[in-house]
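# Breakdown of the fold
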Amino acid sequence: MYAAPTPHRSQHAPAPLEPPVTSTEPTPLPLPDTAHQQLIVQLRHEHEDALKALYDSLSGVTYRVCLRMLGTPEDAQEVLQDTFVRLADRADRYDPSRGTVRTFVLTIVHHLCLERLRTRRSRPVREHDREGEEAFDLPSQAARDPLDAALVQAALTALPDTDRALLEDMFFGGYTHAEITARTGLPLGTVKSCLRRALLKLRERMLP
Amino acid sequence: MTRPDDHPTDLLPDYVLASLDPDQDMTVDTHLQSCADCRVEVARLREALFSLADDLPAVAVPEGPWKAIQAQRSRSSAQAPPSSAPSVSVRLRRFPVWPLAAAIALIMAVGGYTLVSTRSGVQTAQASARHWLAQGARLLTLTSKNGQPYGSMYVRPDGRALLVLNKKAAPGQVYQAWGRQASGPRAGVPTSLGLTGGTVMEVSWRGYDSVGVSIEPAGGSLAPTHPLGRTRLPES
Ligand SMILES: [Zn+2]
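### Section: the overall build of chain B
Of the regular secondary structure elements, chain B holds 7 helices and 8 strands. Across the 236 residues of chain B, 47% fall into the buried class. In the structure as shown, chain B presents an accessible area of about 12,100 Å², 56% of it carried by carbon and sulfur atoms.

### So, the packing of helix H3 (residues 73-89) of chain A against helix H4 (residues 101-120) of chain A
Residue and element names in this part refer to chain A. The N-to-C vectors of H3 and H4 enclose an angle of 135°; their axes lie 9 Å apart at closest approach. With respect to H4, the axis of H3 lies oblique. Note that H3 runs across H4; the crossing there is right-handed. Contacts between H3 and H4 involve Asp75, Glu78, Val79, Asp82, Thr83, Phe84, Arg86 and Leu87 from the former and Phe104, Val105, Ile108, Val109, His111, Leu112, Cys113, Arg116 and Arg120 from the latter.

### Re the interface of chain B and chain A
Taken residue by residue, the interface counts 59 residues in chain B and 75 residues in chain A. For the chain B and chain A pair, buried surface summed over both sides reaches about 6,200 Å², with 61% attributable to carbon and sulfur atoms. Linking chain B with chain A are 7 salt bridges, by the criterion used here. The shortest N-O distance in the salt bridge between Arg73 of chain B and Glu48 of chain A comes to 2.6 Å.

### As for the side chain of Thr107 of chain A
Inspection of the secondary structure puts Thr107 of chain A in helix H4. A distance of 2.6 Å separates the side chain of Thr107 of chain A from the backbone oxygen of Thr103 of chain A, its partner in a polar contact.

### A look at the packing of aromatic side chains
For the structure shown, the criterion picks out 5 aromatic pairs over all chains. Plain terms: the ring middles of Tyr55 of chain A and Phe84 of chain A are 4.9 Å apart, the flat faces sit at 70° to each other, and that makes the pair edge-to-face. With Tyr55 of chain A in helix H2 (residues 48-70) and Phe84 of chain A in helix H3, the pair connects residues that are 29 residues apart, well separated along the chain. Each member of the pair, Tyr55 of chain A as well as Phe84 of chain A, is classed as buried. The interplanar angle of 40° and the centroid separation of 4.9 Å between the aromatic rings of Tyr55 of chain A and Trp66 of chain B together place this pair among those described as tilted. Taken as a pair, Tyr55 of chain A in helix H2 and Trp66 of chain B in helix H4 (residues 64-79) lie in two separate chains rather than in one. An aromatic cluster of at least three residues, connected via ring pairs, comprises Tyr55 and Phe84 of chain A together with Trp66 of chain B. Over the aromatic face of Tyr175 of chain A sits the side chain of Arg183 of chain A, whose NZ or CZ is 4.0 Å from the ring centroid. Lying over the aromatic face of Trp205 of chain B, Arg206 of chain B brings its terminal NZ or CZ to 5.5 Å of the ring centre.

### Quick word on helix H7 (residues 177-184) of chain A
Residue and element names in this part refer to chain A. Where H7 is concerned, the buried positions are His177, Glu179, Ile180, Arg183 and Thr184. In an axial view of H7, the angular spread of the buried residues amounts to 160°, which keeps them on one side of the axis. Directly beyond the C-terminal end of H7, a positive phi value near 80° is found at Gly185.

### A short note on the coordination of the zinc ion
All names here are of chain B. The zinc ion binds to the protein through His7 (ND1), His31 (NE2), Cys35 (SG) and Cys38 (SG); the donor distances cover 2.0 to 2.3 Å. Its 4 donor atoms give the zinc ion angles of 104 to 115° at the centre, a pattern that matches the tetrahedral case. Taken in chain order, the donor set of the zinc ion reads H-x23-H-x3-C-x2-C. Judged by relative accessible area, Cys35 falls into the buried class, the value being 8%.

### As for the confidence of the model for chain B
Residue and element names in this part refer to chain B. Chain-level pLDDT for chain B is 76 on average; 76% of the residues reach the 70-or-more range. At the low end of the mean pLDDT range in chain B sits helix H5 (residues 86-94), at 31; at the high end sits helix H1 (residues 12-16), at 97. Considering only residues more than four positions removed or in separate chains, one finds that residues 81-120, a stretch of pLDDT under 50, has 45 contacts. Scored as a complex, the prediction yields pTM 0.56 and ipTM 0.73.

### Some thoughts on the packing of helix H2 (residues 22-34) of chain B against helix H3 (residues 36-50) of chain B
Residues and elements named next belong to chain B. Taken N-terminus to C-terminus, the directions of H2 and H3 make an angle of 115°; their axes are 6 Å apart at the nearest point. Along its contact with H2, which presents His31, Leu32, Gln33 and Ser34, the element H3 presents Ala36, Cys38, Arg39 and Val42. For the contact of H2 with H3, the per-class residue count stands at 4 nonpolar, 3 polar and 1 charged.

### A short note on the pattern of salt bridges
Residue and element names in this part refer to chain A. For the coordinates displayed, the defined rule picks out 18 salt bridges over all chains. The salt bridge involving Arg197 is made with Asp163; its shortest N-O contact spans 2.8 Å. With Arg197 in helix H8 (residues 188-204) and Asp163 in helix H6 (residues 160-171), this pair connects stretches of sequence that are 34 residues apart. Residue Asp163 is classed as buried on the basis of its relative accessible area of 4%.

### Looking at the confidence of the model for chain A
In regions of low pLDDT, the predicted coordinates are not meant to be interpreted in detail. All names here are of chain A. The share of residues in chain A with pLDDT of 70 or more is 66%, and the mean pLDDT across the chain is 76. Throughout residues 1-31 the model reports pLDDT below 50, and contacts reaching past four residues in sequence, or to other chains, amount to 74 contacts. The low-confidence segment residues 125-146, where pLDDT is below 50, has 61 contacts with residues more than four positions distant or belonging to other chains.

### What about the sheet that holds strand E2 (residues 149-155) of chain B?
Residues and elements named next belong to chain B. The strand order across the open sheet built from 4 strands is E1-E2-E3-E6, with neighbouring strands paired in antiparallel fashion. In the strand order of this sheet, the two ends are held by strand E1 (138-143) and strand E6 (200-204), each with one partner. Across the sheet, the mean angle from the axis of one strand to that of its neighbour is 25°, orientation sign disregarded. Bridge count for strand E3 (residues 160-165) against E6 is 5 bridges, and the pairing is antiparallel. Within E6, the position partnered with Leu163 by the bridge is Met201.

### Things to note about unusual backbone geometry
All names here are of chain B. One non-glycine residue, Ala18, adopts positive backbone phi at about 60°. Relative to the helices and strands, Ala18 is located in the loop between H1 and H2. Looking at Ala18, the relative accessible area reads 36%, which means it is partly exposed.

Cut-off values and rules
Residues numbered from 1 in each chain as written. Chains lettered and ligands numbered in written order. Predicted model: local features only at pLDDT ≥ 70, side-chain atom pairs only at ≥ 80, totals over all residues. Heavy atoms only, no water. Helix = DSSP H or I, 4+ residues; strand = E, 2+ residues; numbered from the N terminus. Buried < 20%, exposed > 50% of the residue type's maximum accessible area, 1.4 Å probe, protein only. Areas by Shrake-Rupley, 256 points an atom, 1.4 Å probe, with all protein chains shown as cover. Axes fitted to C-alpha atoms, helices over the stretch in contact; angles between N-to-C directions. Parallel < 35°, antiparallel > 145°, perpendicular 65-115°, else oblique. Left-handed = near helix turned anticlockwise from the far one by under 90°. Contact = heavy atoms within 4.5 Å. Buried area = accessible area lost by both parts, 1.4 Å probe. Salt bridge = Lys/Arg side-chain N within 4 Å of Asp/Glu carboxyl O. Polar contact = N/O pair within 3.5 Å; in protein donor to acceptor, adjacent residues only side chain to side chain. Phe/Tyr/Trp six-rings, centres within 6.5 Å; stacked < 30°, edge-to-face > 60°. Lys NZ or Arg CZ within 6 Å of the ring centre and 35° of its normal. Arc of directions from axis to C-beta. Donors = N, O, S within 2.8 Å, 3.2 Å for Na, K, Ca; no water. Tetrahedral: all angles 85-135°; square planar, octahedral: opposite > 155°, others 65-115°. pLDDT = per-residue confidence, 0-100. Nonpolar A, V, L, I, M, F, W, Y, C, P; charged D, E, K, R; others polar. Pairing = 2+ DSSP bridges.

So, in structure tokens, the structure goes:
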């Protein structure tokens, strides 16, 4: 389950990873994560260079998530900062059997963005940690702004683009199934089916 | 996945999407505790979900956040102990309830070792060992699986142990210590306790049933790659 570490890396000068993803194409999956894992080990032993190397490698995708979820550069930059401070504090919680370092970082940023969205929507934060890790958790009360009626119709005929739109609405918009139901007027069962199809389509991109 | 009927494979996507009702959710939770195959699939589904982020349009990252992170980190490290002894600071972070005076005394002691070790690693190890024995530490020999000794461990009842290796690691390599529990959900799973490029390392053994040492590339590893051996801790 554990990936082999990269041998003979200097303790104080982590080798640079791939260039920052700020201005490149989206990084393809699956990522070779061994370099990230090595940096996490160094971070656990308080090598500050490791944090910079992780930041260079993962700040791009992290910032994109912040912008998508929060909308404003000011909020996005604050959460980007908070994400890496929290990563440094929680490096010892990373468990390679639960996923890549990249997803560990994205889990942190997703959780922090959801907290902000809830504050904006004046909702209480719901604790939903699985084994100390922020689970993929979502707000709990309905919003009222319905999606485009065409989208609703498309969902009922199970178009892949619509499945994906609903999944993004849940993931980036931070809406629960119940909220999506209220926003779209779709039955809960239909929402769940759409989300499931969209996830399985993404799963097809993964190996094996 | 030899007996697919036994695995709640169909429920796993809904589990990741939080679509399950509480009973089903608990069923999957319980199954995952004992099924590595399904844990792997859940991890893949989560990776798939988070791969939504891969398709977002590229944006340049401004410089402000990194500078702010550096400022915040240097503020917090100014309040933290000196970082010359990584294993100590790691342990301090993991066991924050440890009394401050004892923490300071230990940092001084290990800092002292570090200074002395530039003159003579052997003298340092011997002095450390005497010091620990004087404090009531119990001496255990670190041996490989075939009984070959590779070092000593001085175990103090307060939860700390001093590991003294017989020889220095090769250039570019370090010794890394690992704690393991004998039972429970994390039984046998190695947790890094610290690492050293020298021959002396202090670790906290509290909560573990055995301590092992491995040789790793500089910087350490997430799991032992070249284990030297494991030693059971005395029953307390
Ligand atoms: Zn299973």
